[in-house]
Amino acid sequence: MALGTNDSLITTATGFDIAFNNTNDTYDTLDYDATGKQAVAFVFGNGITGDDTIQNFDKNDSIINFQKIFDGNNDGIISFGPNGQLDIDRTGAGNKNAGEAQITISNSTGQNIDALRYLGTKGNGTGHAYADASTRLAGMTEGTVGNDAFNAGTGAKTYLYDTALGLNLGGDTISNFGADDRIVTTTKVHNGTDMGAVITFGKNMVLDLPGDTDGIKGDNGPTHGGQIEFVNPGIDHLSLLDTKMVGGVNYYYYGVTPGA
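As the structure is a computational prediction, the values presented were derived from the model and not from experiment. (Residues numbered from 1 in each chain as written. Predicted model: local features only at pLDDT ≥ 70, side-chain atom pairs only at ≥ 80, totals over all residues. Heavy atoms only, no water.)

Draft legend 1. Layout of the pairing of strand β9 (residues 115–121). The element β9 is extensively covered by neighbouring structure, given that 6 of its 7 residues are classed as buried. Where strand β6 (residues 77–79) meets β9, 3 bridges bridge the pair, whose relative direction is antiparallel. Residue pairing for β9: I77 is matched across the bridge by R117. Taking the residues that link successive antiparallel strands as the turn, the β9-strand β10 (residues 128–132) hairpin has 6 residues, and the phi of G125 there is positive, at about 70 degrees. (Buried < 20%, exposed > 50% of the residue type's maximum accessible area, 1.4 Å probe, protein only. Helix = DSSP H or I, 4+ residues; strand = E, 2+ residues; numbered from the N terminus. Pairing = 2+ DSSP bridges.)

Structure below.
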């Protein structure tokens, strides 16, 4: 097994702990990243925060919560209530209880975000990751922050790894990855910055995923975006096959090129 430990959750993102002060605070992502380009992870712990507001929350920013947020449809999409607020402390159906916080989140255009998607948790279960629901496009299977095991053997598969979040997306294994399958990242993999470029894996023989910055040198997956090991068959390289921008997000499509 060539995968590393991949235990850290927040890696290249800037982590910010929300205050336990029982007041309705306003947090601006630009206060923690003046460029507006780097990822920020807002961490909610087990305490009373108040009904806070987060402004300039971009597609590469995330919410890390101490517990899993109630998912009424059990589909991994957390839709906000009619009031446009996230019941971040909600663990079941029913009305808001005393002390439960309701969070308002808006993007860089001032538009309120009304849904997040669940990205799983690490082994100890204390940090549950969420990000903008719109980034995962139709037909994509997403790698979580846990250690996922995928089988690409039944039809063409497209696996999304939202590396722009600056989180460790786990030490994953993908079996039966073929010519019609794709790995999609939201930042460029090292040494694969040009169309058709062949991405060679490091000495560990796994794909080291980047963090929230394009092209960071490989062999550092556990401290950046995580790792992917390809088995049955084993694969030691991919090629950059396509790039797309959808909804302000860059998507980089990698696959196996015969003879490369």
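Draft legend 2. Region of interest: the pairing of strand β19 (residues 237–246). Pairing between strand β16 (residues 198–200) and β19: 3 bridges, direction antiparallel. Within β19, the position partnered with V198 by the bridge is S239. Note that β19 and strand β20 (residues 249–255) share 7 bridges and pair antiparallel. Counterpart to V246 in the pairing with β20 is V249. Counting the residues that bridge the hairpin from β19 to β20 gives 2 residues, and of these G247 lies at a positive phi of roughly 60 degrees.

Draft legend 3. How the structure looks around the pattern of salt bridges. Within this structure, the stated rule accounts for 4 salt bridges. Its salt-bridge partner being E142, residue R117 comes within 2.8 Å of it at the nearest N-O pair. On the criterion of sequence distance, the pair formed by R117 in strand β9 and E142 in strand β11 (residues 141–142) is long-range, its members being 25 residues apart. Take R117: its relative accessible area is 0%, and that puts it in the buried class. Between D162 and R117 there is a salt bridge, with its nearest N and O atoms 2.7 Å apart. Here D162 is found in the loop between β13 (158–161) and β14 (171–175), whereas its partner R117 is found in strand β9, with 45 residues between them in sequence. Grouping residues by exposure puts D162 and R117 together as buried. (Salt bridge = Lys/Arg side-chain N within 4 Å of Asp/Glu carboxyl O.)

Draft legend 4. Structural view of the sheet that holds β9. Taken together, the 6 strands give an open sheet; going across it, the order is β1-β3-β5-β10-β9-β6, and neighbouring strands pair in mixed fashion. Single-partner strands in this sheet number two, and they are β1 (14–17) and β6. Sheet twist, expressed as the mean angle between neighbouring strand axes with direction ignored, is 30 degrees. (Axes fitted to C-alpha atoms, helices over the stretch in contact; angles between N-to-C directions.)

Draft legend 5. Summary view of the nonpolar core. Counting 32 residues, the largest nonpolar core has Y161, I174, I183, L207, F230 and L238 as the members making the most contacts within it. Of all the secondary-structure elements, those providing two or more residues to this core are β3 (40–44), β10, β13, β18 (227–231), β19 and β20. Setting aside residues up to four positions removed in sequence, I183 forms contacts with Y159, Y161, I174, F177, I228, F230, L238, Y252, Y253 and Y254. I18, F42, I63 and F80 belong to the second largest nonpolar core, which has 20 residues in total. (Core = buried A, V, L, I, M, F, W, Y, C linked by side-chain atoms within 4.5 Å. Contact = heavy atoms within 4.5 Å.)

Draft legend 6. Fine view of the environment of I54. Within the secondary structure, I54 is located in strand β4 (residues 53–55). C-alpha separation for the pair I54 and S106, spaced 52 residues apart in sequence, amounts to 6.4 Å.

Draft legend 7. Spotlight on unusual backbone geometry. Omega for the bond connecting N232 with P233 falls within 30 degrees of zero, at 10 degrees, which places this linkage in the cis form. Inspection of the secondary structure puts P233 in the loop between β18 and β19. One non-glycine residue with positive phi stands out, namely N56, at about 55 degrees. Within the fold, N56 resides in the loop between β4 and β5 (62–65). With respect to the element layout, N232 can be found in the loop between β18 and β19. Take N232: its relative accessible area is 59%, and that puts it in the exposed class.

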